[in-house]
Amino acid sequence: MATMMSDPHAPDAPRYVSGGRVYRADTCQALRTAAAAGEVVLEASARGTYPGNPLLESQAPGLRTVGYWDAPDAQCWGLDWHRNEGVEIAFLARGRLDVAVDEAAYSLAPGDLMITRPWQRHKVGCPNVASSRLHWCVIDVGVRRPDQAWRWPDWIALAPAELDRLTRLLHHNEQPVWHGGAGLYPVFQMLGADVSAATRPTIGSRLQVHVSGLLLAVLEALDTHEVVLNPELTSSRRSVDLFLRELECVLDEDWSLERMAASCGLRRTRFADYCKQLTNQTPLQYLANLRLARAADLLSCAPDLTVTDIALATGHGSSQYLARRFRAAYGITPREYRSLARNGDAQRPAPPSAPKVRRPQIAR
């Protein structure tokens with residue numbers, strides 16, 4: 001359960017680059033702190049910055065973390081929005097647990113699975129973790145964008161045809177929460193026993209066998225459901241969609257059409273075509289409108305920031321350039337807009353996904 005964030009202290013962790021931001025595995029400090037305080041039992045084997053007993057390089061390579069927590073009481077912490085570098089399979093054995101994946105919220109009941117694709121945004125505990133026993137396993141399949149092919153570790157023991165079918169089911173469906181089959185809990189129990197006895201000399205082999213068994217049990221559980229597949233989830237357009245959603249976090253970067261396209265592994269023309277399909281704007285129009293809308297937000301809600309601070313934070317370079325663009329879009333200067341907003345007379349501009357940025361409505 002690793003939070004993905006810019007973290008210069010974890011240079012060895014797998015990276016995900018989106019919108020100019022580098023995401024690396026965090027330390028899951030909230031979970032670590034709760035375990036250290038005796039508020040929750042934590043048993044895990046892990047690599048990188050995931051909490052748990054460290055796995056050797058030769059032990060189930062590609063397995064990032066496997067383990068469980070057992071929280072006997074409601075907790076005062078949760079794992080806020082985060083991403084994992086691999087496929088995460090989580091299983092609620094006991095209790096209740098509120099989770100969210102992308103924009104949808106779910107309440108897990110005992111026997112439910114939550115499966116997230118690599119780098120898919122999700123959180124556990126909304127906002128806090130309830131009394132629960134949650135098992136998980138994260139397997140790196142070597143992708144950094146949705147359109148890349150998954151590469152499972154070569155020790156996975158499923159037959160090629162069945163592994164391909166499992167890949168399609170996990171890779172091409174939008175539903176993250178399923179009710180698991182009867183065969184799932186025993187496999188997670190075996191994995192829990194493995195990580196609880198991590199000093200065994202055979203731990204690597206045991207994990208490989210039991211993780212393979214877990215994937216087979218997941219495949220059999222999904223076979224009992226009608227899984228709706230959507231190949232669009234693995235398309236280049238999906239990569240562009242995710243990039244555009246996160247662009248607001250890095251508006252101060254020096255973006256060009258070439259750099260935006262390269263972030264998605266695409267040529268300029270293809271990237272621009274996808275951007276127009278998704279936003280009805282060219283990439284540079286979308287970026288300009290996003291910057292203006294964010295500047296309007298900051299003028300309204302960040303009184304401690306100067307207009308120059310806001311101009312730099314939103315990629316406008318100078319207060320003069322922001323003022324020129326702002327007046328052209330809204331008919332007033334940033335300072336006039338801030339004054340009106342302070343008096344409750346200005347509404348937020350239209351969202352940046354609109355075809356045009358509309359002038360703020362000023363009450364007379």
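Section: the confidence of the model for the chain
Then, in step 1: Taken as a whole, the chain shows an average pLDDT of 86; of its residues, 87% reach a score of 70 or greater.
Then, in step 2: Every residue in residues 1–15 is under pLDDT 50, and counting partners more than four places away or in other chains gives 63 contacts.

Some thoughts on the packing of aromatic side chains
Then, in step 1: In total, this model carries 10 aromatic pairs according to the counting rule given.
Then, in step 2: Between tryptophan 69 and tryptophan 77, the aromatic rings sit 5.4 Å apart at their centres with planes inclined by 75°, giving edge-to-face as the arrangement.
Then, in step 3: By relative accessible area, tryptophan 77 is classed as buried at 7%.
Then, in step 4: Among the aromatic residues, ring-to-ring pairing joins Trp69, Trp77 and Trp136 into one connected group.
Then, in step 5: Lying over the aromatic face of tyrosine 68, arginine 133 brings its terminal NZ or CZ to 4.0 Å of the ring centre.
Then, in step 6: A cation sits over an aromatic face here: arginine 259 above tryptophan 255, 4.4 Å from the ring centre.

A look at the packing of helix α8 (residues 283–301) against helix α10 (residues 319–330)
Then, in step 1: With their axes 11 Å apart at the nearest point, α8 and α10 run at an angle of 95° to one another. As summarised for this structure, α8 and α10 are arranged roughly perpendicular, according to the angle between their axes. Residues Ala288, Leu292, Ala293, Ala295, Ala296 and Leu299 of α8 form the contact with α10, whose participating residues are Leu322, Arg325, Phe326, Ala329 and Tyr330.
Then, in step 2: Its residues placed into classes, the contact of α8 with α10 shows 10 nonpolar, no polar and 1 charged.

Comments concerning the sheet that holds strand β7 (residues 79–82)
Then, in step 1: The strand order across the open sheet formed by 4 strands is β7-β12-β9-β10, and the pairing between neighbours is antiparallel. Two strands lie at the open edges of the sheet, namely β7 and β10 (104–108), each paired on one side alone. Taking each pair of neighbouring strands and ignoring which way they run, the sheet shows an average axis angle of 15°.
Then, in step 2: In this structure, β7 lies alongside strand β12 (residues 122–124), joined through 2 bridges in antiparallel fashion. The residue of β12 that forms the bridge with histidine 82 is histidine 122.

A short note on the side chain of histidine 122
Then, in step 1: Within the secondary structure, histidine 122 is located in strand β12.
Then, in step 2: By relative accessible area, which is 0% here, histidine 122 ends up buried.
Then, in step 3: One polar contact links histidine 122 to asparagine 84, side chain to side chain, over a distance of 3.1 Å.

Overview of unusual backbone geometry
With the exception of glycine, the majority of residues adopt a negative phi angle, and the majority of peptide bonds are in the trans configuration.
Then, in step 1: In this model, cysteine 126 is joined to proline 127 through a cis peptide bond whose omega is 5°.
Then, in step 2: Residue position: proline 127 is located in the loop between β12 and β13 (132–139).
Then, in step 3: With a phi angle near 55°, aspartate 102 is a residue other than glycine that sits in the positive phi range.
Then, in step 4: Residue position: aspartate 102 is located in the loop between β9 (97–101) and β10.
Then, in step 5: The exposure class assigned to aspartate 102 is buried, which follows from its relative accessible area of 18%.

So, how was this worked out
Throughout this document, residue positions are counted from 1 along each chain, in the order its sequence is written. Reporting in this predicted model follows two pLDDT cut-offs: at least 70 for local features of residues, and 80 or more for side-chain atom pairs to be given and counted; totals over whole chains, interfaces and linings ignore these cut-offs and use all residues. Here the side-chain values reflect all heavy atoms present in the structure, with hydrogen atoms and water set aside. For every residue, the predictor reports its confidence as pLDDT, a number between 0 and 100. The contact criterion used is simple: two residues touch if any of their non-hydrogen atoms lie within 4.5 Å. In this scheme Phe, Tyr and Trp rings, the latter by its six-membered ring, pair at centre separations within 6.5 Å, and the angle between planes marks the pair as stacked below 30 degrees, edge-to-face above 60, and tilted otherwise. Exposure classes here rest on a 1.4 Å probe applied to the protein chains alone. A residue is buried below 20% of its type maximum, exposed above 50%, and partly exposed in between. We count a charge as sitting over a ring when the NZ of a lysine or the CZ of an arginine lies within 6 Å of the ring centre and within 35 degrees of the ring normal. Helix axes are fitted only over the stretch in contact, all axes being lines through C-alpha atoms; the angle between N-to-C directions runs from 0 to 180 degrees. Note on conventions: DSSP H or I runs of at least 4 residues are helices, E runs of at least 2 residues are strands, and numbering of each starts at the N terminus. Convention used here: angles under 35 degrees read as roughly parallel, angles over 145 as roughly antiparallel, angles from 65 to 115 as roughly perpendicular, and any remaining angle as oblique. By the convention adopted, Pro, Cys, Tyr, Trp, Phe, Met, Ile, Leu, Val and Ala count as nonpolar, Lys, Arg, Asp and Glu as charged, and the other residues, Gly among them, as polar. What makes two strands pair is DSSP finding at least two bridges between them. Throughout this description, a polar contact denotes any pair of N or O atoms lying within 3.5 Å of each other; where both atoms belong to protein, one of them has to be capable of donating a hydrogen while the other can accept it, and for residues adjacent in sequence the pair is counted only when both atoms sit in side chains.

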